[in-house]
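Below, each chain spelled out in residue letters.
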Amino acid sequence: MNNDKIVLDHGSGGKISHAMVSEMILPVFDNPILADLDDGANLDINNLNGGKIAFSTDSYVVDPIFFPGGNIGDLAVNGTVNDIAMCGAKPLYLSAGLIIEEGFLYSDLKKILEQMGKAAEKAGVKVVTGDTKVVPKGKCDKIFINTSGIGVIPANVNVSGGMAVPGDKIILSGTMADHGITVLSTREGLKFDSDIKSDTAPLNAMVKSIFDSGCEIHVLRDPTRGGVGTTLNEIAFQSKVCIKIDEKSLPVKPAVAGICELLGFDPVYLANEGKLLAFVAEKDTDKALEIIRKNEFGKDAVVIGEVVLDDPGRVYMNTAIGGSRIVDMLTGEQLPRIC
């Protein structure tokens, strides 16, 4: 990195963000667990009957804090629940840290906490510890939330961003860009004749049903910041494989697609908060797809592509008009403070 100061792009999940992680953070905290760069850490701890602990943390600075489909509270719970689930784990316990700006409305805090409680109940987790800090007015924007969580990975489950292999089929559990476009529209006061809303949701029940079925799953990831495009690039890099996706297969709600076209955004790079990508052995693809579609948050699941041998580390898209293009990792931030 040749930057003297932190800029918004350092939090984008794109190239600049990854450079900061690899060049500044990893060398300081260098260890094999962190080096995997998965959504959470897989920890070997004795007396777990061969299982492991999944541990993850995330911070939420979304603007605005209230939006159609949710608010910063359920976003913070669902986000960490999903990061733990993407390790193949059953999420169990969360912590919650609140940084609140002086003058923040007590009634708004109550709404946020109530939504966090409902989200935790739906996901089947407990918030068991936390912390609250209040800073002077103007020293933070309303409220920021950090959630951390732990869960247990069964002994027979082993998934990681570095485990994709040629032949894997890639399932996306639903439509892209719902959260990103919802937050953008609300932030900018844009009014559209549609009922778009954030897709924030817990995915742990969906993940459990996939593994309970015996399907061979190699990678699970929820495509949040940077969307499907950035997440696929991360997996291609970690697994040293080539990924090919089909533009015609990518699910996008018509209203979301229309807004993206109007505003010049590519939905493949916009944030999702209730979707997962599953890299599935070809023999189990149909079975896994059927199971995901039975879940309330997976009804629009489709196969969007596959892992192939050529050009490791690259992601290609077969376009709707014929030919193909590279789906690169974004350098900067399309939409800051989207989650």
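Reading guide: rules and limits
Residues numbered from 1 in each chain as written. Predicted model: local features only at pLDDT ≥ 70, side-chain atom pairs only at ≥ 80, totals over all residues. Heavy atoms only, no water. Helix = DSSP H or I, 4+ residues; strand = E, 2+ residues; numbered from the N terminus. Rg over C-alpha atoms; globule rule 2.2 N^0.38 Å. Buried < 20%, exposed > 50% of the residue type's maximum accessible area, 1.4 Å probe, protein only. Contact = heavy atoms within 4.5 Å. Areas by Shrake-Rupley, 256 points an atom, 1.4 Å probe, with all protein chains shown as cover. Lys, Arg positive; Asp, Glu negative; His and termini not counted. Charge placed at Lys NZ, Arg CZ, Asp CG, Glu CD. Pairing = 2+ DSSP bridges. Axes fitted to C-alpha atoms, helices over the stretch in contact; angles between N-to-C directions. Arc of directions from axis to C-beta. pLDDT = per-residue confidence, 0-100. Core = buried A, V, L, I, M, F, W, Y, C linked by side-chain atoms within 4.5 Å. Polar contact = N/O pair within 3.5 Å; in protein donor to acceptor, adjacent residues only side chain to side chain. Salt bridge = Lys/Arg side-chain N within 4 Å of Asp/Glu carboxyl O.

## Description of the overall build of the protein chain
- Along the protein chain, the regular secondary structure elements total nine helices and 14 strands.
- Over its C-alpha atoms the protein chain spans a radius of gyration of 19 Å, differing by no more than 12% from the 20 Å that the globule rule assigns to 339 residues.
- The buried share of the protein chain, taken over its 339 residues, is 50%.
- Relative to all contacts within the protein chain whose residues are 6 or more apart in sequence, the contacts with residues 24 or more apart total 83%.
- Looking at the protein chain as shown, the accessible area adds up to about 16,000 Å², and 54% of this sits on carbon and sulfur atoms.
- The distance from the centre of the 33 positive side-chain charges to the centre of the 45 negative ones in the protein chain is 4 Å.

## Digging into the sheet that holds strand β10 (residues 242-246)
- Pairing is mixed in the open sheet, where seven strands are placed in the order β9-β11-β8-β12-β10-β13-β14. Lying at the two open borders of the sheet, with one neighbouring strand each, are β9 (217-221) and β14 (324-326). Each strand axis lies, on average, 25 degrees off the axis of its neighbour in the sheet, ignoring direction.
- Relative to strand β13 (residues 315-318), β10 runs parallel, the two being bridged by four bridges. Its bridge partner lying in β13, I245 is registered against M317.

## Brief notes about the sheet that holds strand β7 (residues 143-153)
- Spatially, the five strands line up as an open sheet ordered β1-β2-β7-β5-β6, and their pairing is mixed. The open sheet has two edge strands, β1 (41-43) and β6 (126-135), and neither has a second partner. Between one strand axis and the next, the sheet turns by 15 degrees as a mean value, whatever way the strands run.
- Relative to β7, strand β2 (residues 52-60) is paired through nine bridges, and the arrangement is antiparallel. Considered in β7, the bridge of F55 is made with I150.
- Set on the sheet, helix α3 (residues 72-85) makes contact with β2, β5 (90-101) and β7; between it and β7 the angle comes to about 30 degrees.

## Some words on helix α9 (residues 285-294)
- When α9 is considered as a whole, its buried residues turn out to be T285, A288, L289, I291 and I292. Axial view of α9: buried residues confined to an arc of 165 degrees, hence all on one face. Exposed residues lying more than 90 degrees from the buried face of α9 are D286 and K294.
- Elements in contact with the buried residues of α9: β8 (169-172), α6 (204-212), β11 (277-280) and β12 (302-308).

## Thoughts on the confidence of the model for the protein chain
- Per-residue confidence for the protein chain averages 93 on the pLDDT scale, and 97% of its residues sit at or above 70.
- Across the protein chain, element-level confidence peaks in β8 with a mean pLDDT of 99 and bottoms out in β1 with 81.

## A closer look at the side chain of T231
- By secondary structure assignment, the location of T231 is in helix α7 (residues 227-239).
- Excluding anything up to four places from it in sequence, T231 contacts R221, D222, P223, T224 and L277.

## Structural notes on the nonpolar core
- Of all hydrophobic cores here, the largest spans 85 residues; its most connected members are I143, L232, I243 and F279.
- With sequence-adjacent residues up to four places away left out, L232 is seen in contact with I170, I243, I245, L277, F279 and V315.

## Things to note about the side chain of D284
- Examined against the element boundaries, D284 turns out to sit in the loop between β11 and α9.
- A polar contact is formed between the side chain of D284 and the backbone nitrogen of E216, at a distance of 2.8 Å.
- Side-chain polar atoms of D284 contact the side chain of K283, separated by 2.8 Å.

## Re α6
- If you check which residues of α6 are buried, you get N204, M206, V207, I210 and F211. Within α6, the buried residues cover an arc of 160 degrees as seen down the axis, which keeps them to one side.
- Buried residues along α6 sit in contact with α3, β5, α4 (106-123), β9 and α9.

## Topic: the pattern of salt bridges
- This structure, assessed with the given rule, holds 18 salt bridges.
- When the shortest N-O distance is used, the salt bridge between D178 and K275 registers 3.5 Å. In this pair, D178 is assigned in helix α5 (residues 178-188) and K275 in the loop between α8 (254-263) and β11, connecting sequence segments 97 residues apart. Side by side, D178 and K275 carry an identical accessibility label, which is buried.

## With respect to unusual backbone geometry
- Look at the link from D63 to P64: it is a cis peptide, with omega at 10 degrees.
- The topology assignment puts P64 in the loop between β2 and β3 (66-67).
- Here A177, not a glycine, exhibits a phi torsion of approximately 75 degrees, which is positive.
- Note that A177 resides in the loop between β8 and α5.
- Residue A177 is classed as buried on the basis of its relative accessible area of 0%.

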